[in-house]
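Commentary on secondary and tertiary structure
Residues per chain, in single letters:
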Amino acid sequence: MTEQVIQLEKVNKWYDDFHVLKDIDLSVDKGQKIVICGPSGSGKSTMIRCINRLEAHQEGKIVVHGTELTNDLKNIDLIRKNVGMVFQQFNLFPHLSVLDNISLAPIWVKKMPKKEAEEIAMSYLEKVKIPEQAEKFPGQLSGGQQQRVAIARSLAMNPDIMLFDEPTSALDPEMIKEVLDVMIQLAEEGMTMLVVTHEMGFAKTVADQMIFMDEGRIVEQATPDEFFNNPKSDRTKLFLSQILNH
Amino acid sequence: MSSSISFTHNKYYSWCRNNLFSSWINGIITILSIYFIYEVSSFFLNWTIFEADFVNNFRGEKITDRTFCSKNIEPGQHGACWAIIIVRFHQFIYGFYPVEEAWRVNLVYGLLPFALVGIFFDNLPFRKYFIYFTFLFPFIGYFLLYGGAGLDVVGTSKWGGLLVTLFLGVTGILLAFPLSIILALGRRSKMPVIKTICIIFIEFIRGVPLITLLFTANVMLPLFLPEGVRPDNLLRALVAVTLFQSAYMAEAIRGGLQAIPKGQLEAAQSLGLTYWQSTRKIILPQALKISIPPIVNTCIGLFKDTSLVLIIGLFDLLGVGRAAVADIDWAKLHYEVYVFISLVFFIFCFGMSRYSLYLEKKLKTDNS
């Protein structure tokens with residue numbers, strides 16, 4: 001039997017009067033890879049940001065690893081330790097070296113000795129194939145390298161769920177592949193992943209489930225095969241025709 | 001190839017040509033400027049150094065009051081009479097601190113760099129021990145200056161001159177720094193009570209001249225305190241100066257905090273760091289780095305503003321200078337006194353300014 005790691009039940013969220021998430025239901029199994037796409041403003045980023053409480057939802061229930069997300073800071077901390085996140089803008093810490101960026105959270109959150117944390121940081125830098133950049137500062141790296149460091153930084157906390165919020169949207173085209181390669185490798189190792197992206201090639205290779213969102217709702221959820229070859233809603237068809245045929 | 005050195009290819013020549021004499025107008029302005037600089041600097045150098053009296057006048061007599069100054073003896077003499085500074089040097093540096101106890105002040109002056117160096121330079125060998133010393137220093141300094149336990153007590157009413165200026169400036173800035181960080185964070189807090197308190201504090205202090213605060217601290221504070229509690233005059237000034245500085249510094253730091261992208265905090269939170277961990281390790285280091293120029297600006301401002309304490313009866317460097325000018329024995333030597341005081345202030349303020357440039361350079365982590 002597969003283990004459910006994330007559950008969203010009737011989740012609603014508003015920014016003042018604007019209804020961003022409408023009755024979202026979603027359940028994610030351990031090891032599942034879910035790719036979320038949709039037009040901008042459809043609520044895809046907001047949804048995954050609710051899963052580690054960077055945004056608070058107002059109605060409904062979000063359960064991660066059996067812990068419900070409420071205002072209880074203890075629960076939030078517990079969940080954040082197990083859920084890694086990669087951002088569109090990388091959000092590396094510019095005042096810290098690459099190695100310090102990665103070892104910071106293990107040292108301060110997990111109370112790991114500095115030496116051990118740095119060894120772990122190095123091992124993840126090797127995993128994303130840039131161990132030679134360890135002593136540099138983020139400002140000295142290319143976009144693709146920065147995003148790989150950001151992935152290594154999340155992995156160093158040894159999370160069992162990874163959230164990716166448009167990880168390649170801010171990258172030059174020739175750097176997208178090096179980041180996607182790292183993500184594919186991660187997927188092959190069995191990580192549970194929720195990825196907001198418009199990289200449909202990546203989605204076809206990696207995704208177990210595709211989700212299409214529009215105006216705050218999940219319009220369609222299907223396997224990639226069904227999603228790309230036989231989409232059910234007209235809105236999905238229109239969206240796919242636009243991003244696949246440009 | 002020609003063996004003669006071509007004058008026109010000399011790099012100094014071409015620099016002058018390009019920058020100073022690129023056109024007729026530029027050339028005329030250059031010449032006028034050089035003439036102006038020559039006139040001003042030759043007058044100033046003659047006055048301060050070449051025609052000036054130091055210990056003895058032009059007849060070789062030791063100067064003990066203003067009647068011995070060369071310019072007061074011989075109509076043709078114009079030079080400065082630095083004897084007023086030299087004779088009253090003790091007062092300028094120590095105020096009315098007893099001469100036989102002055103070594104205590106010297107010791108504090110001598111130890112001060114060791115206390116500061118640990119905070120200022122993080123690549124220092126044995127920095128840990130310097131930092132320990134920094135935390136001990138206020139107690140050592142207070143004990144040495146004030147006395148007690150074996151040393152004669154020297155009340156703060158006897159402190160003066162550079163001692164008071166440095167005491168208020170350095171202590172005020174160092175105490176205001178942590179307070180201003182708390183105020184700046186508080187002003188951005190989501191907790192309405194804390195936020196309101198910080199806003200009211202900052203806006204009130206910033207909306208009032210320092211002189212008013214000094215008067216308030218000096219005259220009104222005792223009215224609010226229970227009978228018999230009479231805080232020291234200097235301490236009252238220190239409280240006023242610290243509060244004033246913390247409000248200004250808080251606003252400088254808030255500017256830095258606002259410049260940090262929201263994503264930094266989100267990234268820190270998504271890694272599981274708590275609010276205080278994110279603030280300490282991620283937000284503040286970046287915000288303070290951006291705020292260095294405005295912070296140093298307020299520090300320089302405050303250091304100079306300490307001279308205002310003379311209106312509540314404290315004799316800081318400027319106060320001692322004014323007392324010297326008012327002394328009948330030395331009357332009419334304003335220029336010498338004010339030039340000397342300006343020079344002392346300039347050395348400290350310029351030092352702060354250079355240190356901030358050094359910091360900015362050191363903390364730069366990108367390629368730009």
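Residues numbered from 1 in each chain as written. Chains lettered and ligands numbered in written order. Predicted model: local features only at pLDDT ≥ 70, side-chain atom pairs only at ≥ 80, totals over all residues. Heavy atoms only, no water.

Comments concerning the interface of chain A and chain B
In this complex, chain A contributes 25 residues to the contact, which on the side of chain B involves 21 residues. Between chain A and chain B, a total of about 2000 Å² is buried, with carbon and sulfur atoms accounting for 60% of that surface. Three residues, Arg80, His95 and Trp108 of chain A, lead the burial of chain A against chain B; their summed loss comes to 29% of the area buried on that side. At the junction of chain A and chain B, the tally comes to one salt bridge. At the boundary of chain A with chain B, the tally comes to six residue pairs in polar contact (both at pLDDT 80 or more). Counting residues per element, the ones that place at least two in the side of chain A that touches chain B are α2 (73-82), β6 (83-86), α3 (98-108) and α5 (143-155) of chain A. If one sorts the elements of the side of chain A that touches chain B by residue count, α3 of chain A sits on top with three residues. (Contact = heavy atoms within 4.5 Å. Buried area = accessible area lost by both parts, 1.4 Å probe. Salt bridge = Lys/Arg side-chain N within 4 Å of Asp/Glu carboxyl O. Polar contact = N/O pair within 3.5 Å; in protein donor to acceptor, adjacent residues only side chain to side chain. Helix = DSSP H or I, 4+ residues; strand = E, 2+ residues; numbered from the N terminus.)

Considering the domain arrangement of chain B
Along its sequence, chain B is organised into domain 1 (1-50), domain 2 (51-87) and domain 3 (154-363). Here the C-alpha centre of domain 3 of chain B lies 43 Å away from the C-alpha centre of domain 1 of chain B. (Domains from an automatic or database assignment.)

Quick look at helix α8 (residues 162-187) of chain B
Residue pairs three or four apart in sequence face the same way in an α-helix, which turns once every 3.6 residues. For α8 of chain B, with 26 residues, the first-to-last C-alpha span of 35 Å sits near the 38 Å given by 1.5 Å per residue. The sharpest bend along α8 of chain B measures roughly 30 degrees and falls at phenylalanine 177 of chain B, with the proline proline 178 of chain B sitting one to four residues further on. (Expected span 1.5 Å × (residues − 1). Bend = angle between axes of the 7 residues up to and from the residue.)

Observations regarding the sheet that holds strand β8 (residues 192-196) of chain A
Residue and element names in this part refer to chain A. Spatially, six strands are ordered β6-β7-β8-β3-β9-β10 in an open sheet, and the strand pairing comes out mixed. The sheet is open, and its two edges are formed by β6 and β10 (217-222), each paired on a single side. Across the sheet, the axes of successive neighbouring strands diverge by a mean angle of 15 degrees, strand direction being ignored. Note: strand β3 (residues 33-37) against strand β9 (residues 209-214), four bridges, orientation parallel. (Pairing = 2+ DSSP bridges. Axes fitted to C-alpha atoms, helices over the stretch in contact; angles between N-to-C directions.)

Considering a nonpolar patch on the surface
Among the surface-exposed residues, Ile211, Phe215, Val219, Met220, Leu223, Phe224 and Ile311 of chain B lie close enough to one another that they form a single nonpolar patch of about 690 Å² accessible area. Counting through the fold element by element, methionine 220 of chain B comes out in helix α10 (residues 210-224). (Patch = residues over 30% accessible without salt bridge, like charges linked within 9 Å, V, L, I, M, F, W, Y side chains within 5 Å. Areas by Shrake-Rupley, 256 points an atom, 1.4 Å probe, with all protein chains shown as cover.)

Focus: the state of the cysteines
Residues and elements named next belong to chain B. This structure, assessed with the given rule, holds one disulfide over all chains. Across a sulfur-sulfur distance of 2.0 Å, cysteine 69 and cysteine 81 are joined as a disulfide pair. Note on the cysteine 69 and cysteine 81 pair: the S-S dihedral is about -70 degrees, so by sign convention the disulfide is left-handed. Of this pair, cysteine 69 sits in the loop between α2 (24-50) and α3 (70-73) while cysteine 81 sits in the loop between α3 and α4 (83-87); the two residues are twelve residues apart in sequence, bridging distant segments of the chain. Judged on exposure class, the residue cysteine 69 and its partner cysteine 81 are both buried. Lacking any disulfide linkage, cysteine 299 is separated from the closest cysteine sulfur, that of cysteine 349, by 10 Å. (Disulfide = S-S within 2.5 Å. Buried < 20%, exposed > 50% of the residue type's maximum accessible area, 1.4 Å probe, protein only.)

A closer look at unusual backbone geometry
Most peptide bonds take the trans configuration, and most residues that are not glycine carry a negative phi. Residue and element names in this part refer to chain A. One non-glycine residue with positive phi stands out, namely phenylalanine 90, at about 65 degrees. Positive phi outside glycine occurs at glutamate 215, with the angle close to 50 degrees. Structurally, glutamate 215 is set in the loop between β9 and β10.

A word on the pairing of β3 of chain A
Consecutive side chains along a regular strand alternate between the two faces of the sheet. Residues and elements named next belong to chain A. β3 sits mainly inside the fold: five of its five residues count as buried. Burial along β3 is two-sided: Lys33, Val35 and Cys37 and Ile34 and Ile36, pointing in opposite directions, are all buried. Of the pairings in the sheet, the one linking β3 to β8 comprises four bridges and is parallel in character. Residue pairing in the sheet places isoleucine 36 in a bridge with valine 196 of β8.

A few points about helix α7 (residues 127-146) of chain B
Residue and element names in this part refer to chain B. Taking 1.5 Å as the rise per residue, α7 with 20 residues should run 28 Å; its terminal C-alpha atoms sit 28 Å apart, in good agreement. At leucine 136, α7 is bent by approximately 45 degrees, the largest bend along its length, and proline proline 138 sits one to four residues beyond. Among the residues making up α7, those that are buried are Phe133, Thr134, Phe137, Gly141, Leu144 and Leu145. Close packing links the buried residues of α7 with α6 (102-120) and α8. Just past α7, the residue glycine 147 takes up positive phi, approximately 95 degrees.

With respect to the pattern of salt bridges
Tallying each qualifying case throughout the model produces 21 salt bridges over all chains. Here lysine 114 of chain A makes a salt bridge to glutamate 118 of chain A, at a shortest N to O gap of 3.5 Å. A residue pair is termed a helical-turn pair when its members lie 3 or 4 positions apart in one helix, as lysine 114 of chain A and glutamate 118 of chain A do in helix α4 (residues 114-127) at four residues. Looking at glutamate 118 of chain A, the relative accessible area reads 22%, which means it is partly exposed. Counted as one network, the salt bridges with shared partners bring together Lys13, Arg49 and Glu55 of chain A together with Lys262 and Glu266 of chain B.

Considering the packing of α8 of chain B against helix α13 (residues 275-305) of chain B
Residue and element names in this part refer to chain B. Two elements in contact, α8 and α13, have axes whose closest approach is 10 Å; the angle formed by their N-to-C orientations is 140 degrees. In terms of crossing hand, the pair formed by α8 and α13 is right-handed. Residues Thr165, Leu166, Gly169, Gly172, Ile173, Phe177, Ile181 and Leu185 of α8 pack against Tyr275, Trp276, Thr279, Leu284, Leu288, Ile295, Cys299, Leu302 and Phe303 of α13. For the contact of α8 with α13, the per-class residue count stands at 13 nonpolar, four polar and no charged. (Left-handed = near helix turned anticlockwise from the far one by under 90°. Nonpolar A, V, L, I, M, F, W, Y, C, P; charged D, E, K, R; others polar.)

Points about the side chain of glutamine 245 of chain B
Among the secondary structure elements, glutamine 245 of chain B is positioned in helix α11 (residues 233-259). Among residues more than four places away in sequence, those in contact with glutamine 245 of chain B are Ile173, Ala176, Thr298, Cys299 and Leu302 of chain B.

A short note on the sheet that holds strand β1 (residues 4-15) of chain A
Each strand in a sheet pairs with another by means of backbone hydrogen bonds, the pair being arranged parallel or else antiparallel. All names here are of chain A. Spatial strand order, β2-β1-β4-β5: four strands in an open sheet with antiparallel pairing. Of all strands in the sheet, those bounded by a partner on one side alone are β2 (18-29) and β5 (67-68). Inspection of the sheet shows β1 paired to β2 by eight bridges, in the antiparallel sense. Bridging from a neighbouring strand, tryptophan 14 pairs with histidine 19 of β2.

Comments concerning the packing of α8 of chain B against helix α9 (residues 192-206) of chain B
All names here are of chain B. Between α8 and α9, the shortest axis-to-axis distance is 8 Å and the interhelical angle comes to 125 degrees. As judged from the angle between their axes, α8 and α9 are oblique. At the point where α8 passes α9, the crossing takes the left-handed sense. Residues Leu183, Gly186 and Arg187 of α8 form the contact with α9, whose own contacting residues are Ile194, Lys195, Cys198, Ile199, Phe201, Ile202 and Glu203. Looking at the contact of α8 with α9 residue by residue, the classes come out as six nonpolar, one polar and three charged. (Parallel < 35°, antiparallel > 145°, perpendicular 65-115°, else oblique.)

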